[in-house]
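Single-letter residue listing:
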Amino acid sequence: MDTPGAPDDSVTPAEIRQNGARELAIRWKDGTLSRYPVRELRLACACAVCVDEWTGAGRLDPDSVPEDVHPTQISPVGRYAIQIEWSDGHATGIYPFRRLRTLGQLELSSAS
Ligand SMILES: [Zn+2]
């Protein structure tokens with residue numbers, strides 16, 4: 001249940017940091033640590049360029065994303081999301097904390 005205005009610790013980052021070039025880590029206020037291989041995050045981008053807005057089908061060709069892609073800048077978007085600018089020039093992706101929390105639970109690194 002969502003109560004408007006009530007902060008939800010499970011989707012509120014206490015700390016966001018990059019662990020080297022390949023990993024982003026978010027520690028949530030509820031104490032959980034989520035770790036994301038940054039390239040997987042790039043591939044999970046859900047912006048209108050990467051995902052068809054109407055069909056929801058992915059438009060991003062994974063082969064077009066460099067192996068060493070990494071965030072060049074991470075900016076907060078309100079209180080609910082971060083925007084990531086990537087080394088491949090892509091900067092329209094917004095990652096809501098709620099989605100990041102879900103992605104963290106899916107353990108992206110083991111998904112094929
Ligand atoms: Zn995108």
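A brief report on the enclosed structure follows. Within any chain, residue numbers begin from 1 and follow the written order of that chain's sequence. Note on the predicted model: pLDDT of at least 70 is required for a residue's local features to be given, and 80 or more for side-chain atom pairs to be given and counted; whole-chain, interface and lining totals, by contrast, use all residues. To get the side-chain values, take all heavy atoms of the structure and skip hydrogens and water.

**Overview of the sheet that holds strand β5 (residues 81–86)**
Selection rule: When DSSP locates at least two bridges between a pair of strands, those strands are taken to pair. We count a stretch as a helix when DSSP gives it H or I for four or more residues in a row; a strand needs E for two or more, and each element gets its number in order from the N terminus. Axis angles are defined between N-to-C directions and span 0 to 180 degrees, where every axis is a line fitted to C-alpha atoms and, for a helix, only to the segment in contact. Only heavy atoms enter the contact rule, under which two residues are in contact if any of them lie within 4.5 Å.
Strand order across the open sheet formed by three strands is β4-β5-β6, with antiparallel pairing between neighbours. Only two strands of the sheet have a single neighbouring strand rather than two, namely β4 (71–77) and β6 (93–96). Neighbour to neighbour, the strand axes of the sheet diverge by 25° on average, direction disregarded. Both β4 and β5 contribute to a ladder of six bridges, which runs antiparallel. Across the sheet, the residue bridging to Pro76 is Ile82, located in β5. Helix α2 (residues 97–105) contacts β5 and β6 of the sheet and is inclined by roughly 75° relative to β6.

**Re the packing of aromatic side chains**
Convention followed: In summary, the pairing rule links any two rings of Phe, Tyr or Trp, Trp by its six-membered ring, whose centres are within 6.5 Å, and it sorts them by plane angle into stacked for under 30 degrees, edge-to-face for over 60 and tilted for everything else. When a residue's accessible area, from a 1.4 Å probe over protein chains only, is under 20% of the maximum for its type it is buried; when over 50% it is exposed; and in between it is partly exposed.
Taken as a whole and assessed by the stated rule, the structure comprises one aromatic pair. Plain terms: the ring middles of Trp28 and Phe97 are 6.4 Å apart, the flat faces sit at 80° to each other, and that makes the pair edge-to-face. Here the residue Trp28 occupies a position in strand β2 (residues 23–28), and Phe97 occupies one in helix α2, the gap between them amounting to 69 residues. The pair Trp28 / Phe97 is uniform in exposure class, with both members buried.

**Quick look at the side chain of Arg101**
Among the structural elements, Arg101 can be located in helix α2. Assessed through its relative accessible area of 11%, Arg101 is described here as buried. If near-sequence neighbours (up to four positions away) are discounted, Arg101 is found in contact with Ser10, Val11, Trp28, Asp30, Thr32 and Tyr36.

**Details of the nonpolar core**
Heads up, the condition is: Working definition of a nonpolar core: buried Ala, Val, Leu, Ile, Met, Phe, Trp, Tyr and Cys residues. They are joined through side-chain atoms within 4.5 Å.
Core analysis: the biggest nonpolar cluster contains 20 residues, and Tyr36, Leu41, Trp86, Tyr95 and Leu100 have the highest contact counts within it. At the level of secondary structure, the elements contributing two or more residues to this core comprise β2, α1 (38–43), β5 and α2.

**Thoughts on the pattern of salt bridges**
Which entries qualify depends on this criterion: Every case where a carboxyl oxygen of Asp or Glu lies within 4 Å of a side-chain nitrogen of Lys or Arg is listed as a salt bridge.
Using the criterion set out here, one finds seven salt bridges in the structure. Arg17 is the salt-bridge partner of Glu15, the closest N and O atoms lying 3.3 Å from each other. A residue is classified by how much of its surface remains accessible, and Glu15, at 29% relative accessible area, is partly exposed. Taking the relative accessible area as the measure of exposure, Arg17 reaches 35% and is therefore partly exposed. Put simply, Asp52 and Arg59 hold a salt bridge, and the shortest N to O gap is 3.7 Å.

**What about the coordination of the zinc ion?**
To be explicit about the condition: Distances define the donors: N, O and S atoms within 2.8 Å of the metal qualify, as do those within 3.2 Å of Na, K or Ca. Water is excluded, so some sites may look unfinished. Working rule for geometry: tetrahedral if four donors all subtend angles between 85 and 135 degrees; square planar for four, octahedral for six, if opposite donors exceed 155 degrees and the others stay between 65 and 115; irregular in every other situation.
The zinc ion binds to the protein through Cys45 (SG), Cys47 (SG), Cys50 (SG) and His90 (NE2), with metal-donor distances spanning 2.1 to 2.3 Å. Each of the four donor atoms bound to the zinc ion contributes to angles spanning 100 to 116°, and the resulting shape is tetrahedral. Ordering the donors of the zinc ion by residue number gives the pattern C-x1-C-x2-C-x39-H. Residues Cys45 and Cys50 agree in their burial class; the two are buried.

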